[in-house]
Amino acid sequence: MKETEQPCFVLAAKQLHERIIRAIDSVQGFRSASCAPLPPIKLDVSRELKLLTELNFVRAPDAPVIDTQRTYAYDQIYLSWRLPQDSAPAWHYTIEYRKIDPKHKTLKLWQRREEVWSLSTILEGPDIDSVYVLRVRGYNKAGYGEYSEDIYLHTPPAPVLNFFLDSSCGFPRDRLVVSKDRRAVRSVPGVPMLFAAERLMSSCHISMELVLGDVAITQGRYYWECSVDPSSYVVKVGVGQESKLQELFQMPQDVVSPSRYDPDSGHDSGAEDATMDTSPSFCFLTIGMGKILQPHGATPTSRDPLGCTVPLPPRLGVCLDYEKGRVGFCDAVSHRSLWEGAVDCSGPVCPAFCFIGGGALQLQELVSIKHERRVTIGGFAKAE
């Protein structure tokens, strides 16, 4: 009953079993000199049975469950997981990953990262526009457990652009609030929007509130992501020439006559004849109330036969090809293309976001590396 090592217990149990069999045979064959019958013998083994049923040997960890909500590929691959509720604990984990070869439709050899002591890890330097397969398994005194289910991650189609929201571009501070880290912005409708709603049927004018990225793009291909609050009234995400955007958005727009100006087209619709051969100076995708308004020329979807809207994804991806003068918008989770438009790249362009009414937007956080400090307690390494 005191033996806790599984192999030693099995060996001792076998020897005990053989001795018990011999003892039973000896008792059954025993006859006293007077040949008096032995009284029946009853043995209470309830305590021993209880001890046997409560034996708990060390088990290997169960297969980890990858947290798909917190796992994503951006400038680096961030992988997060957890153990099932009834799983044996794990001392550390092993991560395996490999890239799919799209040309030959084969998988490359697994690469391995040993002894990960936390429930998440970062894989640096993934190739752009590639698909990676990842899996995790735990380890403890009993050995390695089963692998988790494979997860497939698609890396961005272009190098990631790191930028912050420009707090000096002249936006109205009473209606646009930028976070301290300059990675999020919130629009507060305020009194002007109330007055506009009061005069909505009497040819009022409402200005879109504009905030820009603090970078100027002059060459190459770049990619960035953002999350738009589904309850936002109207938010526009895109790129454009800073001077043109400042000039345009400082002028009030007539909401009663929307045909006069189409922000998604990038130019005044009344001047189409004059600008037919030139690309617009900016390009936006319109988002509102949890939906994306598909611009003219977009392919209708099965979810929306009229081709008007598609559901807003959790993260929106924007990819700018400066040399080609094209801007692509996609679902950043599935990398499904939403729409692609043209933009004039004869000069520097920058990321741009504008609001009508209340709304909020968050730039995708860059994956940061947290260096763990390891200490040794009782001969076991522990990460802090």
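Keep in mind the model is a prediction, meaning the values are calculated, not measured.

1. A closer look at the overall build of the chain
The number of helices and strands found in the chain is four helices and 29 strands. Buried residues in the chain amount to 40% of all 384 residues. A fraction of 67% describes how many contacts in the chain between residues 6 or more apart in sequence connect residues 24 or more apart. Total accessible area on the chain is roughly 23,300 Å²; 55% of this is exposed by carbon and sulfur atoms.

2. Description of the pairing of strand 23 (residues 316-321)
Judged by how many residues are buried, strand 23 sits mostly within the fold: six of six residues are covered. Burial along strand 23 is two-sided: the face carrying Leu-316, Val-318 and Leu-320 and the face carrying Gly-317, Cys-319 and Asp-321 are both buried. Taken together, the six bridges between strand 15 (residues 221-228) and strand 23 define a ladder with antiparallel strand orientation. Note that in strand 23 the partner of Tyr-222 across the bridge is Leu-320. Of the strand pairs in this sheet, strand 23 and strand 24 (residues 326-331) are connected by six bridges, and their pairing is antiparallel. Each bridged residue has a counterpart across the sheet, and for Leu-316 the counterpart in strand 24 is Asp-331.

3. Focus on the nonpolar core
Within soluble globular proteins, side chains that are nonpolar tend to cluster in buried spots. Residues Trp-224, Val-237, Leu-320, Phe-353 and Leu-361 are the most contacted members of the largest nonpolar core, which totals 46 residues. Here Phe-353 is in contact with Phe-163, Leu-165, Glu-209, Leu-210, Val-211, Trp-224, Cys-226, Lys-236, Val-237, Phe-284, Leu-361 and Leu-363, once residues within four sequence places are set aside. With 16 residues, the next largest nonpolar core counts Ile-66, Leu-79, Leu-123 and Leu-134 among its residues.

4. Quick look at empty space enclosed by the protein
Take a probe with the size of a water molecule and roll it over the atoms, and the empty space left behind shows itself. As enumerated under the stated definition, the model contains one cavity of 30 Å³ or more in all. Within this model, the largest cavity holds a volume of roughly 30 Å³. What lines the largest cavity is simply Tyr-74, Leu-161, Asn-162, Phe-163, Arg-183, Trp-224, Glu-225, Leu-363 and Gln-364. Per-class residue counts for the lining of the largest cavity are five nonpolar, two polar and two charged.

5. Re the sheet that holds strand 24
Judged by pairing direction, the sheet is antiparallel, and its seven strands sit side by side in the order 11-12-27-15-23-24-25 without closing on themselves. Taken across any chain shown, the strands that pair with only one partner, and hence form the sheet edges, are strand 11 (176-178) and strand 25 (337-342). For this sheet the average axis-to-axis angle between neighbouring strands, irrespective of direction, equals 20 degrees.

6. A word on the pattern of salt bridges
One pass over the structure, following the stated rule, counts ten salt bridges. The partner of Glu-96 in a salt bridge is Arg-112, with the nearest N and O atoms 2.6 Å apart. Of this pair, Glu-96 sits in strand 4 (residues 92-101) while Arg-112 sits in strand 6 (residues 111-116), and the two are 16 residues apart along the sequence. Among the ionic pairs, Arg-326 bridges to Glu-340, the shortest N-O distance being 3.0 Å.

7. Some remarks on the sheet that holds strand 14 (residues 209-212)
As summarised here, the arrangement of the six strands in space is 14-26-16-20-21-22, forming an open sheet in which the pairing is antiparallel. Of all the strands in the sheet, the pair left with one neighbour each is strand 14 and strand 22 (309-311). Put simply, the sheet's adjacent strands are angled 25 degrees from each other on average, direction ignored. In terms of strand pairing, strand 16 (residues 234-240) meets strand 26 (residues 350-356) through seven bridges, oriented antiparallel.

8. What to know about the environment of Leu-245
With respect to the helices and strands, the residue Leu-245 is situated in helix 4 (residues 242-249). Remark: the alpha-carbon pair of Leu-245 and Leu-212, spanning 33 residues in sequence, is separated by 9.2 Å. Not counting chain neighbours up to four residues away, the residues in contact with Leu-245 comprise Leu-210, Leu-212, Gly-240, Phe-282, Phe-284 and Ala-352.

9. Some thoughts on the confidence of the model for the chain
If pLDDT is low for a region, its predicted coordinates should not be looked at in detail. Per-residue confidence for the chain averages 79 on the pLDDT scale, and 74% of its residues sit at or above 70. Taken as a whole, residues 251-276 scores under 50 in pLDDT and shows 46 contacts with residues more than four places along the chain or in a different chain. Per-residue pLDDT stays below 50 along residues 369-384; that stretch engages in 22 contacts with residues further than four places along the chain or on separate chains.

10. Observations concerning the packing of aromatic side chains
On inspection of all chains with the given rule, the structure shows seven aromatic pairs. Ring plane angle 55 degrees and centroid distance 4.7 Å describe the contact between Tyr-139 and Tyr-144, whose orientation is recorded as tilted. Taking relative accessible area as the criterion, Tyr-139 reaches 25% and is therefore assigned partly exposed. The exposure class of Tyr-144 is partly exposed, given its relative accessible area of 37%. Taken together through their ring pairs, the aromatic side chains of Trp-91, Tyr-139 and Tyr-144 make up a single cluster. The ring centre of Trp-110 lies 4.1 Å from the NZ or CZ of Arg-135, which sits over that ring.

Calculation criteria
Here the residue index of a chain counts from 1 through its sequence in written order. This being a predicted model, a pLDDT of at least 70 is required before a residue's local features are given, and a value of 80 or more before pairs of side-chain atoms are given or counted; all residues contribute to the totals for chains, interfaces and linings. Working from all heavy atoms in the structure, the side-chain values ignore hydrogens and water. Numbering of helices and strands runs from the N terminus; a helix is a DSSP stretch of H or I covering at least four residues, while a strand is a stretch of E covering at least two. When a residue's accessible area, from a 1.4 Å probe over protein chains only, is under 20% of the maximum for its type it is buried; when over 50% it is exposed; and in between it is partly exposed. Contact criterion: two residues are considered in contact whenever any of their non-hydrogen atoms come within 4.5 Å of each other. For every accessible area listed, the method is Shrake-Rupley and the probe measures 1.4 Å; residues are considered covered only by the protein chains on display. Two strands pair under a simple rule: DSSP has to find at least two bridges between them. What we call a nonpolar core is a set of buried Ala, Val, Leu, Ile, Met, Phe, Trp, Tyr and Cys residues that are connected through their side-chain atoms within 4.5 Å. Only protein atoms enter the 1 Å grid, on which a cavity is a set of points fitting a 1.4 Å probe that cannot get out and a pocket is an open set with protein on both sides within 12 Å along at least 5 of 7 lines, lining residues being those with an atom within 4 Å of a point. Grid points are joined across faces, edges and corners, and a volume is the space filled by probe spheres set on the points. In this classification, Asp, Glu, Lys and Arg are treated as charged, Ala, Val, Leu, Ile, Met, Phe, Trp, Tyr, Cys and Pro as nonpolar, and every other residue, Gly included, as polar. The angle between two axes is taken between their N-to-C directions and runs from 0 to 180 degrees, where each axis is a line fitted to C-alpha atoms and a helix contributes only its stretch in contact. What makes a salt bridge here is a side-chain nitrogen of Lys or Arg within 4 Å of a carboxyl oxygen of Asp or Glu, nothing more. What pLDDT expresses is the predictor's confidence in each residue, scored from 0 to 100. A pair of Phe, Tyr and Trp rings is counted when the ring centres sit within 6.5 Å of each other, with Trp represented by its six-membered ring. The angle between the planes then sorts it: under 30 degrees is stacked, over 60 is edge-to-face, the rest tilted. Definition used: whenever NZ (Lys) or CZ (Arg) falls within 6 Å of the ring centre and also within 35 degrees of the ring normal, the charge is taken to sit over that ring.

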